[in-house]
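Topology and contacts: notes
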Amino acid sequence: MKFEKRDILLIVGLLLFMIGLIPFMAPVYAVLIVIVMYFGIKFYVEIRAKSIKKEMGEGICVDCGSKITDQKCPNCDSADE
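Because the structure is predicted, anything quoted here is derived from the model rather than measured. (Residues numbered from 1 in each chain as written. Predicted model: local features only at pLDDT ≥ 70, side-chain atom pairs only at ≥ 80, totals over all residues. Heavy atoms only, no water.)

Considering the overall build of the protein chain
Our working rule: By definition, any uninterrupted DSSP run of H or I lasting at least four residues is a helix, any uninterrupted run of E lasting at least two residues is a strand, and each is numbered from the N terminus. What the globule rule says is 2.2 Å times the number of residues to the power 0.38, and the radius of gyration is computed from C-alpha atoms. Residue exposure (1.4 Å probe, protein chains only): buried if accessible area is under 20% of the type maximum, exposed if over 50%, otherwise partly exposed.
What the protein chain contains, in helices and strands, is three helices and zero strands. The linear arrangement of helices and strands in the protein chain, starting from the amino end, is α-α-α. Its C-alpha atoms give the protein chain a radius of gyration of 21 Å, more than 25% over the compact-globule value 12 Å for 81 residues. In terms of its C-alpha atoms, the protein chain occupies a principal-axis envelope of roughly 70 × 20 × 20 Å. Among the 81 residues that make up the protein chain, the fraction classed as buried is 17%.

What to know about the nonpolar core
We count it as follows: What is meant by a nonpolar core is a set of buried Ala, Val, Leu, Ile, Met, Phe, Trp, Tyr and Cys residues, joined one to another through side-chain atoms within 4.5 Å. Should any heavy atoms of two residues lie within 4.5 Å, those residues are considered in contact.
L10, L14, M18, L21, A30, V34 and Y38 form the largest nonpolar core, which has seven residues in total. Considering every element that reaches this core, the biggest residue donor is helix α1 (residues 6-21), with four residues. In contact with V34, not counting residues within four places along its chain, are L14, F17 and M18.

Quick notes on the pattern of salt bridges
Definition in use: What counts as a salt bridge is simple: a side-chain nitrogen of Lys or Arg found within 4 Å of a carboxyl oxygen of Asp or Glu.
One pass over the full model with this rule turns up three salt bridges. The closest approach of N and O atoms between D7 and K42, which form a salt bridge, is 2.7 Å. Remark: K42 occurs in helix α2 (residues 27-56) and D7 occurs in helix α1; sequence separation between them is 35 residues. On the basis of relative accessibility, which here comes to 4%, the residue D7 falls in the buried class. Classification of K42 by relative accessible area gives buried; the value is 12%.

Digging into the layout of surface pockets
Rules: Put simply, the grid is 1 Å and covers the protein atoms alone, a cavity is a trapped set of points that fit a 1.4 Å probe, a pocket is an open set with protein on both sides within 12 Å along at least five of seven lines, and lining residues have an atom within 4 Å of a point. Grid points are joined across faces, edges and corners, and a volume is the space filled by probe spheres set on the points. For this classification, the nonpolar set comprises Ala, Val, Leu, Ile, Met, Phe, Trp, Tyr, Cys and Pro, the charged set comprises Asp, Glu, Lys and Arg, and every other residue, Gly included, is treated as polar.
In this structure, the largest pocket spans a volume of roughly 270 Å³. What lines the largest pocket is a set of eleven residues, among which E4, R6, K42, V45 and E46 lie closest to the centre. The leading source of residues in the lining of the largest pocket is α2, at five residues. Across the lining of the largest pocket, the residue classes tally to five nonpolar, no polar and six charged.

A short note on the confidence of the model for the protein chain
To be explicit about the condition: Scored from 0 to 100, pLDDT reflects the predictor's confidence in each residue.
Taken residue by residue, the protein chain gives an average pLDDT of 87. The fraction at 70 or more is 94%. When the elements of the protein chain are averaged for pLDDT, helix α3 (residues 76-80) gives the smallest value, 65, and α1 the largest, 94.

Quick word on α1
The criterion, for reference: Expected helix span is given by 1.5 Å per residue-to-residue step, counting one fewer step than there are residues.
With 16 residues, α1 should reach 22 Å at 1.5 Å per residue; the first-to-last C-alpha distance of 23 Å fits that figure. Its buried side turned inward, α1 meets α2.

What follows is the structure in structure tokens.
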């Protein structure tokens, strides 16, 4: 998990969420909830990005939108032959 620019937005949002939780519970619990949420979101986004990269393969065909393998589209290149 590396730090990216959009993580600043996530941190600010979670800090505001923590401030909203403080009237309803002890600040220690609010901080723990926000820390768990931060790492949970980062973990989910990382797994989702890996699955999207795996699904895309080498890229997506512009004409039909299918996954390109071996630098050929299975739908368009087979129709041309």
